[in-house]
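Commentary on secondary and tertiary structure
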Amino acid sequence: MRFIFKTKYSQDINIAKHNGDRFWYSLLILIMAALPLVLDDFYLGEISYICILSIAGIGLMILSGYTGLASLGHAAFLGVGAYTHAFLLTNGIPFYASIPIVIVVSFLVGAAIGIPILRLTGMYLAIATLALGFIAEHVFIKWEHFTGGNRGLPVPQPEFLGMSFYDSVFFYYVCLVFLIAAMFAAINILRSPTGRAFVAIRDSEIAAQSLGVNLGLYKALSFAISGAFTGLAGALLAHYIGYLAPDIFNIFLSLTLLLLIVVGGMGSLHGTVFGAIFVGFLPQLIAICRDYLPSSIGSQPGLEPMLFGLILVFFILYEPLGIYGRWMKIKLFFELFPTYKRQTFKKQKVFTKSDRV
Amino acid sequence: MSLFEVKNITVAFGGVKALNDVSFGVDKGEIFTIIGPNGAGKSTLFNVISRIYEPSKGEIYFENQNISKTKPHNISKLGIARTFQNLELFENATVLQNLLLGRHIYKKTNILSEVFFTPSARKQEHEYRLKVEEVIDFLDLQHYRDTLINGLPYGVRKNVELARALCTDPKLLLLDEPSSGLTNEETIDLGFWIKDIQSLLGITIIMIEHDMSFVNKVSDRILALNYGKILASGLPEEIKNNADVKQAYMGE
């Protein structure tokens with residue numbers, strides 16, 4: 001077990017808590033950077049997609065995992081990001097200028113939607129965001145000038161830094177860099193007063209308010225920040241797909257994002273990556289499994305959504321903290337070996353909590 | 001002139017008047033205790049002060065400023081902090097994070113400087129931490145800094161909530177049943193702390209409390225409520241011997 005001797009406040013503020021962190025995360029980045037040497041284009045494409053999913057996951061994690069507000073329509077923000085990016089590129093705006101605009105636009109859209117919608121809570125909020133997803137899909141169909149409607153919108157693949165987005169190695173690096181940048185941005189938000197205010201709203205609105213947190217403002221801010229991250233992911237997704245059609249941003253994509261954060265682990269940024277790896281590879285895994293199943297089951301079209309749903313339910317029932325939670329338990333098991341107790345993570349029953357204030 | 005004044009506050013939930021024409025004043029540096037049987041309207045009074053409930057009538061003055069229309073999240077900026085009867089801590093955060101949230105009203109950074117965690121954001125964290133450490137030393141919480149609230153015993157949680165309120169650097173502290181659920185020893189400690197908060201930090205305290213021996217020990221003045229009305233108010237000795245109070249608590 002590691003005991004950190006703290007002599008400076010900075011040690012609690014810094015991202016890397018000790019040299020072990022620095023070593024392992026640097027190694028991880030190096031390995032990720034070296035991947036194109038060993039992997040072929042197909043797998044690089046898959047990993048690029050996982051990076052994009054992770055960025056979108058960070059967005060939803062900040063909203064649901066940290067601020068405690070459900071969203072079942074987050075594909076809408078992916079769509080906003082993707083269409084805005086494609087529209088700007090089509091009109092000759094270069095890539096490096098388009099991305100900041102996309103982030104700002106998604107941030108503003110998030111704020112504009114967030115301010116009215118966040119007066120709702122719990123189940124009602126979930127239904128409102130579900131509706132938001134459907135409305136967005138219809139807006140993408142009807143607003144033909146901007147989105148090309150059902151005909152779709154081809155995404156230009158401009159040159160950037162003298163490289164083309166058709167080059168899968170280059171695209172992989174772009175996604176990786178954006179993921180790392182998004183990760184740092186999210187960590188920075190979460191370790192500053194705004195991030196703490198989000199957690200405060202999640203755990204007790206009334207206490208947050210009495211400590212001076214403006215609930216309406218911070219909920220809207222959370223929605224806007226979440227939108228900005230997801231919009232960025234949408235812009236990259238546009239390059240990945242190459243041709244935008246409204247039905248890409250459907251309810252199923254929203255639920256995939258939800259599955260991502262639940263499976264990864266609510267309330268942890270590690271969880272977004274774990275979850276993205278999981279939902280990124282799951283369709284491949286299902287496709288492989290289809291071959292081995294009897295054809296009456298294997299050829300069912302609804303197999304994928306059903307498995308997604310089942311996995312979601314099983315995680316919520318048996319591992320609410322997701323893959324990251326499981327990883328923490330395994331880590332603690334070895335740190336405390338042989339004195340690890342299963343009860344450590346058992347949720348305490350709280351009898352004193354009530355609606356009274 | 002009093003530091004804090006409640007004038008003719010009435011709160012009605014439908015036909016029930018939880019508070020009926022309640023007026024009182026609290027002087028600077030006082031420990032003012034509100035007692036009363038269950039349902040007397042004590043917690044309602046606190047929730048009116050922290051602007052969670054809207055009074056049907058009446059006004060509240062703090063430092064001669066009418067705060068009856070202030071937004072709930074601005075109350076703490078004026079210098080009023082509170083604790084809750086049933087603990088409203090941020091359960092899935094560490095003690096340190098809970099206390100740092102107590103400094104939220106002093107936030108100067110905006111979202112952009114936070115995204116890039118500029119030197120000013122880092123400096124602000126250090127400033128927050130200095131104050132938080134003062135409070136940690138004051139309430140003996142050194143041991144628990146990095147523990148999640150989830151894993152803490154009840155007595156410590158109560159203490160953390162008091163600490164969080166102190167972190168806001170309040171002028172007026174509202175304590176809702178600070179001793180409920182504490183052991184005898186913890187209650188004795190709490191008594192010392194409350195006296196210290198008054199004398200060392202110069203904070204005025206309004207407290208709701210049931211434990212009469214504790215109340216008599218720490219209070220400067222007591223207000224007794226029953227069915228939303230003021231029964232009596234005065235020095236602890238006077239309240240102890242007041243016939244109305246005796247009747248409300250013990251019957252004939």
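Owing to the predicted nature of the structure, the values given are computational and were not obtained by experimental measurement.

1. Quick look at the overall build of chain A
Across its full length, chain A holds 16 helices and four strands. Rg of the C-alpha trace for chain A: 21 Å, near the compact-globule value of 21 Å for 357 residues, within the 12% margin. With respect to the three principal axes, the spread of C-alpha positions in chain A is 60 × 55 × 50 Å.

2. Considerations on the overall build of chain B
Helices and strands together make up the secondary structure of chain B, namely 10 helices and 10 strands. For a compact globule of 252 residues, the expected C-alpha radius of gyration is about 18 Å, and chain B comes in at 19 Å, within 12% of that figure. Expressed as a percentage of its 252 residues, the buried residues of chain B come to 44%.

3. A look at the pairing of strand β8 (residues 204-208) of chain B
Both faces of the sheet carry side chains from a regular strand, because those side chains alternate between them. Residue and element names in this part refer to chain B. Along β8, five of the five residues are buried, which leaves the element largely enclosed by surrounding structure. Residues Thr204, Ile206 and Ile208 of β8 are buried on one face, and the alternating residues Ile205 and Met207, pointing to the opposite face, are buried as well. Pairing geometry for strand β3 (residues 31-35) and β8, over four bridges, is parallel. Opposite Ile31, over in β8, you have Ile205 as the bridge partner. For the crossover from strand β7 (residues 172-176) across helix α7 (residues 184-199) to β8, the handedness is right-handed.

4. What to know about the interface of chain B and chain A
Think of interface size as the accessible area that goes away when the parts come together; that is how it is often given. With 38 residues of chain B at the interface, the matching set in chain A holds 31 residues. Mapped by element, the contributors of at least two residues to the side of chain B that touches chain A are α2 (75-78), α3 (95-101), α4 (111-115) and α5 (119-138) of chain B. Top element by residues in the side of chain B that touches chain A is α5 of chain B. It accounts for five residues. Taken together, the residues of the side of chain B that touches chain A sort by class into 15 nonpolar, 14 polar and nine charged.

5. Digging into the nonpolar core
One finds Ile52, Ile55, Ala200 and Leu232 of chain A together with Ala163 and Ile205 of chain B to be the most contacted residues of the largest nonpolar core, which totals 163 residues. A per-element tally of this core places helix α3 (residues 41-66) of chain A first, with 15 residues. Here this core gathers at least three residues from each of two domains, domain 1 (1-79 + 171-252) and domain 2 (87-169) of chain B. Residues contacting Ile55 of chain A, with those up to four places away along its chain left out, are Phe178, Leu179, Ala182, Phe229, Leu232 and Ala233 of chain A.

6. So, the environment of Leu120 of chain A
Locating Leu120 of chain A in the fold gives a position in the loop between α5 (95-117) and α6 (122-142). Each C-alpha atom of the pair Leu120 of chain A and Leu176 of chain A lies 36 Å from the other, and the pair is 56 residues apart in sequence.

7. Considerations on the sheet that holds strand β5 (residues 65-66) of chain B
Each strand in a sheet pairs with its neighbour through backbone hydrogen bonds, running either in the same direction (parallel) or in the opposite one (antiparallel). Residue and element names in this part refer to chain B. The four strands are arranged β2-β1-β4-β5 in an open sheet whose pairing can be described as antiparallel. Across the chains shown, the open sheet's two edge strands, defined by having one partner strand only, are β2 (16-26) and β5. Bridge analysis of strand β4 (residues 57-62) against β5 gives two bridges, and the strand direction is antiparallel. Residue pairing across strands places Tyr61 opposite Asn66, the latter belonging to β5. Strands β1 (4-13), β2 and β4 of the sheet are contacted by helix α1 (residues 42-49), whose axis makes an angle of about 65° with β2.

8. Remarks on α5 of chain A
Taking 1.5 Å of rise per residue, the 23 residues of α5 of chain A would be expected to cover 33 Å, and the 32 Å separating its terminal C-alpha atoms lies within 8% of that figure. In this fold, the buried residues of α5 of chain A make contact with α4 (75-90), α6 and α11 (215-241) of chain A.

9. Examining the sheet that holds β3 of chain B
Residue and element names in this part refer to chain B. Ordered by their spatial adjacency, six strands build an open sheet running β6-β7-β8-β3-β9-β10, and the pairing between neighbours is mixed. Across the chains shown, the open sheet's two edge strands, defined by having one partner strand only, are β6 (80-82) and β10 (229-234). Mean inter-strand twist for the sheet, computed between neighbouring axes without regard to direction, equals 15°. In this structure, β7 lies alongside β8, joined through five bridges in parallel fashion. Bridging across to β8, Leu172 finds its partner in Thr204.

10. Digging into the environment of Gly181 of chain B
Residues and elements named next belong to chain B. Tracing the backbone through its elements, the reader meets Gly181 in the loop between β7 and α7. With 16 C-beta atoms packed within 10 Å, Gly181 lands in the partly exposed category. In this structure, the C-alpha to C-alpha distance between Gly181 and Tyr154, residues 27 residues apart in sequence, is 7.5 Å. Beyond its immediate chain neighbours, meaning those up to four positions away, Gly181 contacts Tyr154 and Lys158.

11. Structural notes on the packing of helix α13 (residues 269-292) of chain A against helix α16 (residues 322-336) of chain A
All names here are of chain A. Their axes nearest at 7 Å, the elements α13 and α16 cross at an angle of 115°. As summarised for this structure, α13 and α16 are arranged roughly perpendicular, according to the angle between their axes. Read as a crossing pair, α13 and α16 show a hand that is right-handed. Each of His270, Gly271, Phe274, Gly275 and Phe278 in α13 lies in contact with α16, whose residues at this interface are Gly322, Ile323 and Tyr324.

12. Quick notes on the domain arrangement of chain B
Residue and element names in this part refer to chain B. In terms of domains, chain B is made up of domain 1 (1-79 + 171-252) and domain 2 (87-169). One C-alpha centre belongs to domain 1, the other to domain 2; they are set 26 Å apart. Sorting the residues of the side of domain 1 that touches domain 2 by element identifies α2 and α7 as the ones contributing at least two each. Split by residue class, the side of domain 1 that touches domain 2 holds four nonpolar, three polar and two charged.

How each quantity is defined
- Residues numbered from 1 in each chain as written.
- Chains lettered and ligands numbered in written order.
- Predicted model: local features only at pLDDT ≥ 70, side-chain atom pairs only at ≥ 80, totals over all residues.
- Helix = DSSP H or I, 4+ residues; strand = E, 2+ residues; numbered from the N terminus.
- Rg over C-alpha atoms; globule rule 2.2 N^0.38 Å.
- Buried ≥ 20, exposed ≤ 12 C-beta atoms within 10 Å, placed from the backbone.
- Pairing = 2+ DSSP bridges.
- Right-handed = clockwise from strand over helix to strand, strands pointing away.
- Contact = placed C-beta atoms within 7 Å.
- Nonpolar A, V, L, I, M, F, W, Y, C, P; charged D, E, K, R; others polar.
- Core = buried A, V, L, I, M, F, W, Y, C linked by C-beta atoms within 7 Å.
- Domains from an automatic or database assignment.
- Axes fitted to C-alpha atoms, helices over the stretch in contact; angles between N-to-C directions.
- Expected span 1.5 Å × (residues − 1).
- Parallel < 35°, antiparallel > 145°, perpendicular 65-115°, else oblique.
- Left-handed = near helix turned anticlockwise from the far one by under 90°.

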